[in-house]
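One letter stands for each residue in the lines below.
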Amino acid sequence: MVQLQLERRGISDPATLEAMAQVPRHLFVPPGYQERAYSDTPLPIGHGQTISQPYIVAFMTQTIRPAPGMKVLEIGTGSGYQAAVLAATGARVYSIEIIPELAQSARENLARSGYAGVRLREADGYFGWPEEAPFDAILVTAAAPFVPPPLIKQLKVGGKMIIPVGSPFLVQTLMLVEKDERRTRSRSLMPVRFVPFRRSE
Ligand code: SAH
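Let me sum up the structure you'll find in this document. (Residues numbered from 1 in each chain as written. Predicted model: local features only at pLDDT ≥ 70, side-chain atom pairs only at ≥ 80, totals over all residues. Heavy atoms only, no water.)

1. Some points on the overall build of the chain
Counting its secondary structure elements, the chain contains six helices and nine strands. For 201 residues, the compact-globule estimate of 2.2 N^0.38 gives 17 Å, and the chain sits close to it at 15 Å. With the C-alpha coordinates aligned to their principal axes, the bounding extent of the chain is approximately 50 × 40 × 35 Å. Expressed as a percentage of its 201 residues, the buried residues of the chain come to 52%. Considering only contacts within the chain whose residues lie at least 6 apart along the sequence, 52% involve residues at least 24 apart. Carbon and sulfur atoms form 53% of the exposed surface of the chain, whose accessible area is close to 9400 Å². For the chain, the distance from the average position of its 22 positive side-chain charges to the average position of its 18 negative side-chain charges is 5 Å. (Helix = DSSP H or I, 4+ residues; strand = E, 2+ residues; numbered from the N terminus. Rg over C-alpha atoms; globule rule 2.2 N^0.38 Å. Buried < 20%, exposed > 50% of the residue type's maximum accessible area, 1.4 Å probe, protein only. Contact = heavy atoms within 4.5 Å. Areas by Shrake-Rupley, 256 points an atom, 1.4 Å probe, with all protein chains shown as cover. Lys, Arg positive; Asp, Glu negative; His and termini not counted. Charge placed at Lys NZ, Arg CZ, Asp CG, Glu CD.)

So, in structure tokens, the structure goes:
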């Protein structure tokens, strides 16, 4: 997976490649999908949600330049796999999931794969995690119609956020949002397809 799907497509950050090699992805897919765990594709994890394709996980991880001790917020825990990859780089990971059943299974997946240090919260990630802000990086793994303002606020000056923006039914763009003292800049990185960002009622 690391050589054929990641290095060959230009993933080169050593910390990212090391983390992708280390985390047992088969412990994050549902029973019945085990033998496809390392395939070049997203897979269903129940409740209409998916675990992202390995390349997308690596691309998002590499983009934030993970390093030990960095404080990272993820919105959309899903299976917990992206959170585990971030934790494997030595980052301190906070992750929010809106579907209670998925938050529960992610907690189990993270515990049995050795990444119980990831902090999980069951909530609408739109509002971020203000008590733990600011974050060095924020990764959003569901497609939002716009970048939630509370997340921009919780990003450190000099920090990076990566988020798919666009309509759930049309093409979405993976955006990199960078904050400096004076302003917040965003640019598009590539077209992507993510499950929709939901809102709590
Ligand atoms: N990062 C995940 C991929 C998850 S798919 C992994 O590695 O497996 C996107 C996830 O975002 C889904 O689990 C979905 O329930 C969750 N989600 C959608 N809207 C959300 C919101 N507003 N707050 C928190 N989680 C949300």
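2. Comments concerning the side chain of Glu-74
Structurally, the position occupied by Glu-74 is in strand 3 (residues 71–75). The side chain of Glu-74 sits in the buried core without any salt bridge; Arg-25 is the nearest counter-charge, 11 Å away. A polar contact of 2.7 Å, which involves the side chain of Glu-74, links it to the side chain of Ser-95. Among residues more than four places away in sequence, those in contact with Glu-74 are Gln-82, Ala-83, Tyr-94, Ser-95, Ile-96, Leu-139 and Thr-141. (Salt bridge = Lys/Arg side-chain N within 4 Å of Asp/Glu carboxyl O. Polar contact = N/O pair within 3.5 Å; in protein donor to acceptor, adjacent residues only side chain to side chain.)

3. Structural notes on the site of the ligand
Taken together, 25 residues lie near the ligand, and Glu-74, Ser-79, Glu-97, Gly-125 and Arg-198 sit nearest. Take Ile-98: an N or O atom from its main chain is 3.3 Å from a nitrogen atom of the ligand. Gly-125 is positioned with one of its backbone polar atoms (N or O) 2.7 Å from a nitrogen atom of the ligand. Contact with the protein chains hides 99% of the accessible area of the ligand, taken as 580 Å² for the molecule alone. Placement of the ligand is best described as lying within the largest pocket. Counting only elements with at least two residues in the shell around the ligand, the list comes to strand 2 (49–51), strand 3, helix 4 (81–88) and strand 4 (92–97). Considering only residue class, the shell around the ligand consists of twelve nonpolar, nine polar and four charged. (Near = heavy atom within 4 Å. 1 Å grid on protein atoms, 1.4 Å probe; cavity = no way out; pocket = protein on both sides within 12 Å on 5 of 7 lines; lining within 4 Å. Sits in = over half its atoms within 2 Å of the grid points. Nonpolar A, V, L, I, M, F, W, Y, C, P; charged D, E, K, R; others polar.)

4. Some details on the sheet that holds strand 6 (residues 135–140)
On the basis of which strands lie adjacent, the open sheet formed by seven strands has the order 5-4-3-6-7-8-9 and mixed pairing. Pairing within the sheet leaves two strands with one partner each, and these edge strands are strand 5 (119–122) and strand 9 (184–192). Geometrically, the sheet is characterised by an average inter-axis angle of 15° between neighbouring strands, direction not taken into account. Where helix 3 (residues 54–63) meets the sheet, it contacts strand 6, strand 7 (155–165), strand 8 (172–179) and strand 9, and its direction lies at approximately 160° from that of strand 9. (Pairing = 2+ DSSP bridges. Axes fitted to C-alpha atoms, helices over the stretch in contact; angles between N-to-C directions.)

5. Brief notes about helix 2 (residues 14–22)
When we look at burial in helix 2, the residues that qualify are Thr-16, Leu-17, Ala-19 and Met-20. Axial view of helix 2: buried residues confined to an arc of 165°, hence all on one face. Of the exposed residues in helix 2, those oriented more than 90 degrees away from the buried face are Pro-14 and Ala-21. Buried residues in helix 2 make contact with helix 1 (2–6), helix 3 and helix 4. (Arc of directions from axis to C-beta.)

6. Thoughts on the environment of Phe-59
Turning to its location among the elements, Phe-59 is positioned in helix 3. Under the relative-accessibility criterion, Phe-59 is labelled buried at 15%. Look past the residues within four positions of Phe-59 in its chain and what remains in contact with it is Ile-11, Ile-162, Leu-174, Leu-189 and Met-190.

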